[in-house]
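Here are the chains, one letter per residue:
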Amino acid sequence: MFTPRQDPHFYQHQGKVLGQTFSMLCWNVHKENLHPHFHLQLHQLLLNHPSDFLLFQEYKMPKHLSHELRDFSYAMAANMETKRHIYGLLTSSCFGFASKHIELTHKRELLFSTKKSMLFTSHPFADGEMMHIVDRGDINSVSYTIFSQELSKIEAVIQECEGAMIVSGDFNNWSQRRIQALEEFRHRLCLEKASIQEEHHIKRVFSKPIDHIFYRGLKLVRAEAIDTKKVSDHNPIHARFERT
């Protein structure tokens, strides 16, 4: 019943390439994105923090409605599908999509017995080089061994990619062992960890922040966690980058 069968995407900016600077908003929306209060908050967020990319985790898309972010192109990596809705990761952009790749975890989480997804997209600069984005919601209700194995699976997919890269999302690294596994993962991929202003607004589990942005081949201008007054159980992180 929950196995995703659709591959939602909509590309309307294929002729638009990245410039030297761009911004992104990363947010686990906890399936709240269909509520009016979410749209009011997102509208205000984008007025105050203009964003070229929106990276959502736990996004809920109705099957009978078109994509509500009309000014953005998008690709979705579904991990669950019901009669009326599709759930998963959504990467929206004001720039063209050169490619996308979806990976599901080998293992399933408890409760709904669903897998988690990873969405890998590439977006061109004017000189033809690519900027790669990984939108990720890591598997949670599993052992450390499975958590580590799933990280290795992601690494195997993206380790051959050269150039600028952002890996962002909800990593569920709420234990010291998971934190260490994630640190080793980012070091092997030569990723830097974004230093985030107002870090106390980031979602924490067992006092450990679980939402992160990692990057390489770029200069981080500023990253900030934004208090949205409990629209979701997570707060968004806005980041601005320059190409090096």
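Residues numbered from 1 in each chain as written. Predicted model: local features only at pLDDT ≥ 70, side-chain atom pairs only at ≥ 80, totals over all residues. Heavy atoms only, no water.

Draft legend 1. Structural view of the sheet that holds strand E14 (residues 218-225). In space, the seven strands of this open sheet follow the order E1-E4-E5-E3-E2-E15-E14, with mixed pairing throughout. Either end of the sheet is taken by a strand with one partner, and the two such strands are strand E1 (9-10) and E14. Pairing of strand E4 (residues 73-81) with strand E5 (residues 85-93), which is carried by eight bridges, proceeds in the antiparallel orientation. Paired with alanine 78 across the bridge in E5 is glycine 88. Across the sheet, helix H1 (residues 36-48) is in contact with strand E2 (21-28) and strand E3 (53-62); its angle to E2 comes to roughly 155°. (Pairing = 2+ DSSP bridges. Helix = DSSP H or I, 4+ residues; strand = E, 2+ residues; numbered from the N terminus. Contact = heavy atoms within 4.5 Å. Axes fitted to C-alpha atoms, helices over the stretch in contact; angles between N-to-C directions.)

Draft legend 2. Quick look at the side chain of serine 175. Tracing the backbone shows serine 175 in the loop between strand E9 (164-170) and helix H3 (176-188). Under the relative-accessibility criterion, serine 175 is labelled buried at 18%. (Buried < 20%, exposed > 50% of the residue type's maximum accessible area, 1.4 Å probe, protein only.)

Draft legend 3. Up close: the layout of surface pockets. Empty space within the second largest pocket amounts to approximately 190 Å³. If you trace the second largest pocket, you find it lined by His39, Leu42, His43, Leu46, Glu68, Leu69, Arg70, Asp71 and Phe72. Partitioned by chemical class, the residues of the lining of the second largest pocket number four nonpolar, two polar and three charged. (1 Å grid on protein atoms, 1.4 Å probe; cavity = no way out; pocket = protein on both sides within 12 Å on 5 of 7 lines; lining within 4 Å. Points joined across faces, edges and corners; volume = space filled by probe spheres on them. Nonpolar A, V, L, I, M, F, W, Y, C, P; charged D, E, K, R; others polar.)

Draft legend 4. Representation of the pattern of salt bridges within the structure. Applying the stated criterion to the full structure yields ten salt bridges. Notably, a salt bridge pairs lysine 100 with aspartate 7, separated by 2.4 Å at the nearest N-O pair. With lysine 100 in strand E6 (residues 99-104) and aspartate 7 in the segment before E1, this pair connects stretches of sequence that are 93 residues apart. Given a relative accessible area of 23%, lysine 100 falls into the partly exposed group. By relative accessible area, aspartate 7 is classed as partly exposed at 39%. Note that aspartate 227 is salt-bridged to lysine 229, the shortest N-O span being 3.2 Å. In this structure lysine 229 comes out as exposed when scored by relative accessible area, which is 65%. (Salt bridge = Lys/Arg side-chain N within 4 Å of Asp/Glu carboxyl O.)

Note that every value here comes from positions in space, so none of it alone points to a role or purpose.
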